[in-house]
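# Breakdown of the fold
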Amino acid sequence: DPTDDDSDGDGTPDYLDPDDDGDGIPTVDEIGDDPENPQDTDGDGTPDYLDDDDDGDGIPTADEIGPDPETPLDTDGDTIPDYLDDDDDGDGILTDDEYIDGDDAAFCTDTTVDTDGDTIPNCQDNDVDGDGIPNYLDLDSDGDGTPDEHELTPPDTNPPPFTHGDVPAWIDPLYHIYLPLVMRGA
C-alpha cells in the first residue's frame, strides 16, 4: 500500500511528508518539473526526492546543503548547489575523487605519505593539509601554495587520478618534483 511508504523513516507517510527522503530539501523542490519523470541528478535510478546522495559523490545531500536549505551551499559559486554539483570546489577534480570514504581505503597501498603529520596517510585523509577544510572543498588540498587545478596530472604522462603509487597528484608532494620535469620536456 503506497500510503504506508515512509522513505525516511520519520513516522510520516511520504504522501503527507514535505521531505520524503529527510535530507532537508522539500520533495516538491527535488522532484523536478515533471512528476512522471522525477529528477535523478546522478542517474542511479533513484529520484532525487528519495535519494540520500542526489549527486552521487559519496557525501549525503543533507551534509552538502549547509545550514539553510533555502540557500544551499555553492562553494565554487557556479550556481549549482554543492548537493547537485559533481565538483563542489570547482578545481577540476570531481568531488567523488577528492572525498575519501571507507571503501577507498582498500585502494591505499602507499601509506608513507602524510603531508600534515596526523598519522593518516594522504590516500586515506579527507583533510590532507590539516587546515580544517575537507579536500573536496579545498582549492589547495595539500597546502603547498599551488592550487589543485594546477596539479592535475598531464593526461599523456600519467593518467588521473593516481601518480605516485596510489597518491593523487593534488596531494602528492613528490608530484611537485615530477611536474616541472615533465613540463620542461614538453
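Predicted, not measured: the structure shown is a model, and the values here were computed from it. Numbering of residues starts from 1 in every chain and runs along the sequence as written. Owing to the predicted nature of the model, reporting of local features is limited to residues with pLDDT of at least 70; listing and counting of side-chain atom pairs is limited to 80 or more, with chain, interface and lining totals taken over all residues. Heavy atoms throughout the structure, all of them, feed into the side-chain values; hydrogens and water do not.

## Things to note about the overall build of the protein
Put simply, the rule is: The numbering of helices and of strands both runs from the N terminus, where a helix is a DSSP run of H or I of at least 4 residues and a strand a run of E of at least 2. Only protein chains enter the accessibility calculation, which uses a 1.4 Å probe; a residue is then buried when its area is under 20% of its type maximum, exposed when over 50%, and partly exposed in between. In what follows, a contact means two residues having at least one pair of non-hydrogen atoms within 4.5 Å.
Looking only at helices and strands, one finds four helices and two strands in the protein. Traced from its N-terminal end to its C-terminal end, the protein shows the element sequence α-α-α-β-β-α. Scored against the burial criterion, the 186 residues of the protein give a buried share of 35%. The long-range share in the protein, meaning contacts at least 24 apart out of those at least 6 apart in sequence, stands at 39%.

## Considerations on the confidence of the model for the protein
Applicable threshold: The quantity known as pLDDT measures the predictor's confidence residue by residue, on a range of 0 to 100.
A residue-level look at the protein finds 77% of positions with pLDDT of 70 or above and a mean pLDDT of 82. Note that pLDDT drops below 50 for residues 155–163; the model gives that stretch 18 contacts with residues more than four away or on any other chain. Taken as a whole, residues 178–186 scores under 50 in pLDDT and shows seven contacts with residues more than four places along the chain or in a different chain.

## Re unusual backbone geometry
For T79, which is not a glycine, the phi torsion comes out positive at approximately 70°. Position of T79 among the secondary structure elements: in the loop between helix 2 (61–64) and helix 3 (95–98). Among the residues examined, T79 registers a relative accessible area of 70% and is labelled exposed. Phi is positive for T119, which is not a glycine, with a value near 70°. With a relative accessible area of 72%, T119 lands in the exposed category.

## Here's the deal with the environment of Y49
Following the sequence through the fold, Y49 ends up in the loop between helix 1 (27–30) and helix 2. Apart from the residues within four sequence positions on either side, Y49 is in contact with D20, D21, T27, E30, I31 and P38.

## Some remarks on the side chain of N135
The criterion, for reference: Two N or O atoms form a polar contact when they lie within 3.5 Å of each other; inside protein one atom must be a possible hydrogen donor and the other a possible acceptor, and for residues adjacent in sequence the pair counts only when both atoms belong to side chains.
Here N135 lies in the loop between helix 3 and strand 1 (162–164). On the basis of relative accessible area, N135 is assigned to the buried category, the value being 1%. In terms of polar contacts, N135 uses its side chain to reach the backbone amide nitrogen of V128, at 3.0 Å.

## A word on the environment of P38
Tracing the chain through its elements places P38 in the loop between helix 1 and helix 2. Each C-alpha atom of the pair P38 and Y49 lies 8.0 Å from the other, and the pair is 11 residues apart in sequence. Contacts of P38, omitting those with residues within four sequence positions, involve I31, P47 and Y49.

## Some thoughts on the environment of D89
With respect to the element layout, D89 can be found in the loop between helix 2 and helix 3. Residues D89 and Y136 lie 47 residues apart in sequence; the distance between their C-alpha atoms is 6.4 Å. Not counting residues up to four positions away in its chain, the partners in contact with D89 are T75, D76, E98, N135, Y136, L137, D138 and L139. From its side chain, D89 meets the backbone nitrogen of D138 in a polar contact 3.4 Å long.

## As for the side chain of D88
Positionally, D88 belongs in the loop between helix 2 and helix 3. Take D88: its relative accessible area is 0%, and that puts it in the buried class. With sequence-adjacent residues up to four places away left out, D88 is seen in contact with D55, D57, E64, T75, D76, D82, T95, Y136 and L137.

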